[in-house]
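# Geometric and topological summary
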Amino acid sequence: MGLFRLFLASLVLISHLGISIAGINPGVSAVVVFYLLAGSVVARLWRRRPVQGLVSGALWFYHDRAWRILPLYFFCMAIALLVWLLGATSPFLSRPPAAAEWLANLTIIPLNYYMFNGVDAFTLLPPAWSLGVELQFYLLVPLLLGFPLLAGIAGVLSLLVFALAQLGWLDTDIFGYRLLAGVGFVFLAGTLLGQSSRRARWLLGALWLASLGYLLALLAVGRHVPYNLEVALGLVLGLPMLVALQRLHLAGRWERLQRLAGELSYGLFLLHFPVIWALQLVGIAGPKSAWLVWLLSAALAWLGHLLVERPLWRRHRPWLAAKPPRIAADGCRCAS
C-alpha cells in the first residue's frame, strides 16, 4: 500500500498549507485512514511474530516498532531543530523550550496531550501528535490482540467516548479525533481488516453503515464542527479502500514503485513542516508552494531512508530480509 500511504501523507501536507476540498480538511480524513491502516499493519505483524509467548512477543513487537519509528523521527527532528536555529517562526515555535518541551519532543507521546500540557507552543514536528496516538495504541497491542475480550470491551468504551464527542457532550475535536480514548475503536477496526471470519466482516460492515449514516446526516443538517465530518468521511472512504487494496497484489515495476512510495511516506508526513518553515525564511509560502514543499520533503525523506533507516534496519530488523517485499514494506505512516 505504499502509493496509498504516500497519497495520504500528501493530503496531510496540503492541508497544512491551507488547502481544503469542498470545505473539508483532507488531512484529518487521511489521519483517520492512517489509524485504520496502523491497526491492520500491527495485527498482521502480531500474527507473524517469531515468538509466541505474551511477554516475549510483546518485547519483540516493541523492539520492531521502536526501530521502525524512532530512527527517522530523530532524523526529521534534527532537521527541524536546524531550521528553528536558523530563525524559523511559527505558532508551533512560539515559546522558548523548557525541559518539558524537549522531553515531549523526544518521547513523542506527550505531544498528543498538547491541549492539556501546552507543548504545541514548541513542537519541532507538529504532525507527530498523531504519532503519539499510534504509540499509545502500540503499547496496548499485546494485551488487546492477546485477549480478544479485552479488545472488545476497549472498543465499546472507545466508541462510547466517540459518540459522546459527536453529541457535543465532550469536545468533538479532542475526544472525537485526537485522543486514543475516542479513536481507539478505529485502530481496533483496522485489526479486523485482515480477518476473514464472519464476525469481523459483520463488525466492519456495521461500522461502515453507521459511519455512512452519520456522514449523510451531517451533510443533511449542515452541522460541521471540527472534525466530525472529516472523521466520518475517513471511515466511509477508508474501510472499503483498505479492503480492496489488501486484495491487490502488484508485481514488477509497480511493486518497486509501491515500495519506493512506502519508503517516502513516513518521512514526507514528518518533514513537511520543517520544509514549509525553511521556505518561509526565503519568502516562499502559501498554497502555491505545495509542489515545492512536496518535492523537498520527499527528497529529504529519501535521504533519511538511505542514510538512517536502511543501515539500522539491516542490523535491528533482520526479519525484513526474509519477507516478501509487500509484507516487508510495513509501517503505517506510516510509521504508520
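Keep in mind that what you see is a predicted model, and the values were worked out from it rather than measured.

## Section: the overall build of the protein chain
For the protein chain, the helix and strand inventory stands at 14 helices and zero strands. The linear arrangement of helices and strands in the protein chain, starting from the amino end, is α-α-α-α-α-α-α-α-α-α-α-α-α-α. Taken over C-alpha atoms, the radius of gyration comes to 19 Å for the protein chain, in line with the 20 Å a tight globule of 336 residues would show. Expressed as a percentage of its 336 residues, the buried residues of the protein chain come to 50%.

## Remarks on the environment of Ala 100
By the secondary structure assignment, Ala 100 is in helix α4 (residues 99-107). For the pair Ala 100 and Arg 310, spaced 210 residues apart in sequence, the C-alpha to C-alpha distance is 31 Å.

## Focus on the side chain of Arg 68
Here Arg 68 is to be found in helix α3 (residues 54-85). A polar contact of 3.1 Å, which involves the side chain of Arg 68, links it to the side chain of Glu 309.

## Re the packing of aromatic side chains
In this structure the tally under the stated criterion is 17 aromatic pairs. Ring centres of Phe 61 and Tyr 138 lie 6.2 Å apart, and the angle between their planes is 90°; this geometry places the pair in the edge-to-face category. On the criterion of sequence distance, the pair formed by Phe 61 in helix α3 and Tyr 138 in helix α6 (residues 128-146) is long-range, its members being 77 residues apart. Among the residues examined, Tyr 138 registers a relative accessible area of 2% and is labelled buried.

## Thoughts on the pattern of salt bridges
In the structure shown here, the tally under the stated rule is six salt bridges. Note that Glu 101 is salt-bridged to Arg 95, the shortest N-O span being 2.5 Å. On the basis of relative accessibility, which here comes to 6%, the residue Glu 101 falls in the buried class. In this structure, the salt-bridge partner of Asp 173 is Arg 178, at a minimum N-O distance of 2.8 Å.

## Quick notes on the nonpolar core
Within the largest apolar cluster, 88 residues are counted, with the highest numbers of intra-cluster contacts made by Tyr 35, Phe 61, Tyr 73, Phe 137, Tyr 138, Val 186 and Phe 187. Considering each element in turn, this core owes the most residues, 14 residues, to helix α2 (residues 26-47). The contacts of Val 186, once residues within four sequence positions are left out, are Val 32, Tyr 35, Leu 36 and Leu 235. Membership of the second largest hydrophobic core comes to six residues, among which are Leu 215, Leu 218, Ala 232 and Val 236.

## Regarding the packing of helix α12 (residues 253-281) against helix α13 (residues 290-316)
At their nearest, the axes of α12 and α13 sit 6 Å apart, and the two run at 125° to each other. Comparing the axis directions of α12 and α13 gives the class oblique. Here α12 runs over α13; the crossing is right-handed. Taking contact as the criterion, the partners of Leu 260, Glu 263, Leu 264, Tyr 266, Gly 267, Leu 268, Leu 271, His 272, Val 275, Ile 276 and Leu 279 in α12 are, on α13, Leu 292, Val 293, Trp 294, Leu 296, Ser 297, Ala 298, Leu 300, Ala 301, Trp 302, His 305, Glu 309 and Arg 310. Of the residues that constitute the contact of α12 with α13, the class distribution is 16 nonpolar, four polar and three charged.

## Quick word on the environment of Leu 17
Along the chain, the position of Leu 17 falls in the loop between α1 (2-15) and α2. Through-space distance from the C-alpha of Leu 17 to that of Leu 242 is 26 Å; in sequence the pair is 225 residues apart. When neighbours within four sequence positions are excluded, Leu 17 is seen to be in contact with Ile 276, Gly 286, Pro 287, Ser 289, Ala 290 and Val 293.

## Remarks on α6
For α6, which comprises 19 residues, the first-to-last C-alpha distance of 27 Å matches the rise-based estimate of 27 Å (1.5 Å per residue) to within 8%. The largest bend along α6 measures about 50° and falls at Leu 140, with the proline Pro 142 one to four residues further on.

## Comments concerning the packing of α3 against α12
Packing of α3 against α12 brings their axes to within 10 Å, and their N-to-C directions diverge by 0°. If you check the angle between α3 and α12, you find them roughly parallel. Packed against α3, whose contacting residues are Arg 68, Ile 69, Leu 72, Tyr 73, Cys 76, Ile 79, Ala 80 and Val 83, the element α12 presents Tyr 266, Gly 267, Leu 270, Leu 271, Pro 274, Trp 277, Ala 278 and Leu 281 at the interface. Partitioned by chemical class, the residues of the contact of α3 with α12 number 14 nonpolar, one polar and one charged.

## A closer look at helix α9 (residues 180-191)
The buried count for α9 comes to 11 of 12 residues, which makes it a mostly enclosed element. Taken together, the buried positions of α9 are occupied by Leu 180, Gly 182, Val 183, Gly 184, Phe 185, Val 186, Phe 187, Leu 188, Ala 189, Gly 190 and Thr 191. Buried-residue contacts for α9 involve α2, α6, α7 (148-166), α8 (172-178), α10 (198-221) and α11 (228-246).

## Things to note about a nonpolar patch on the surface
The grouping of Leu 54, Val 55, Leu 59, Leu 139, Leu 140, Leu 143, Phe 147 and Leu 150 at the surface amounts to a nonpolar patch, some 710 Å² of accessible area in total. Of all the elements in the fold, those that place two or more residues in the nonpolar patch are α3 and α6. Summarising the element assignment, Leu 150 is placed in helix α7.

## Here's the deal with the confidence of the model for the protein chain
Per-chain confidence: the protein chain averages 92 in pLDDT, with 95% of residues scoring 70 or above. Across the protein chain, the secondary-structure element scoring lowest on mean pLDDT is helix α14 (residues 325-328), at 38, and the one scoring highest is α9, at 98. In this model, residues 321-332 is a region of pLDDT below 50 whose contacts with residues beyond four sequence positions or in other chains number 30 contacts.

Rules used in this analysis
- Residues numbered from 1 in each chain as written.
- Predicted model: local features only at pLDDT ≥ 70, side-chain atom pairs only at ≥ 80, totals over all residues.
- Heavy atoms only, no water.
- Helix = DSSP H or I, 4+ residues; strand = E, 2+ residues; numbered from the N terminus.
- Rg over C-alpha atoms; globule rule 2.2 N^0.38 Å.
- Buried < 20%, exposed > 50% of the residue type's maximum accessible area, 1.4 Å probe, protein only.
- Polar contact = N/O pair within 3.5 Å; in protein donor to acceptor, adjacent residues only side chain to side chain.
- Phe/Tyr/Trp six-rings, centres within 6.5 Å; stacked < 30°, edge-to-face > 60°.
- Salt bridge = Lys/Arg side-chain N within 4 Å of Asp/Glu carboxyl O.
- Core = buried A, V, L, I, M, F, W, Y, C linked by side-chain atoms within 4.5 Å.
- Contact = heavy atoms within 4.5 Å.
- Axes fitted to C-alpha atoms, helices over the stretch in contact; angles between N-to-C directions.
- Parallel < 35°, antiparallel > 145°, perpendicular 65-115°, else oblique.
- Left-handed = near helix turned anticlockwise from the far one by under 90°.
- Nonpolar A, V, L, I, M, F, W, Y, C, P; charged D, E, K, R; others polar.
- Expected span 1.5 Å × (residues − 1).
- Bend = angle between axes of the 7 residues up to and from the residue.
- Patch = residues over 30% accessible without salt bridge, like charges linked within 9 Å, V, L, I, M, F, W, Y side chains within 5 Å.
- Areas by Shrake-Rupley, 256 points an atom, 1.4 Å probe, with all protein chains shown as cover.
- pLDDT = per-residue confidence, 0-100.

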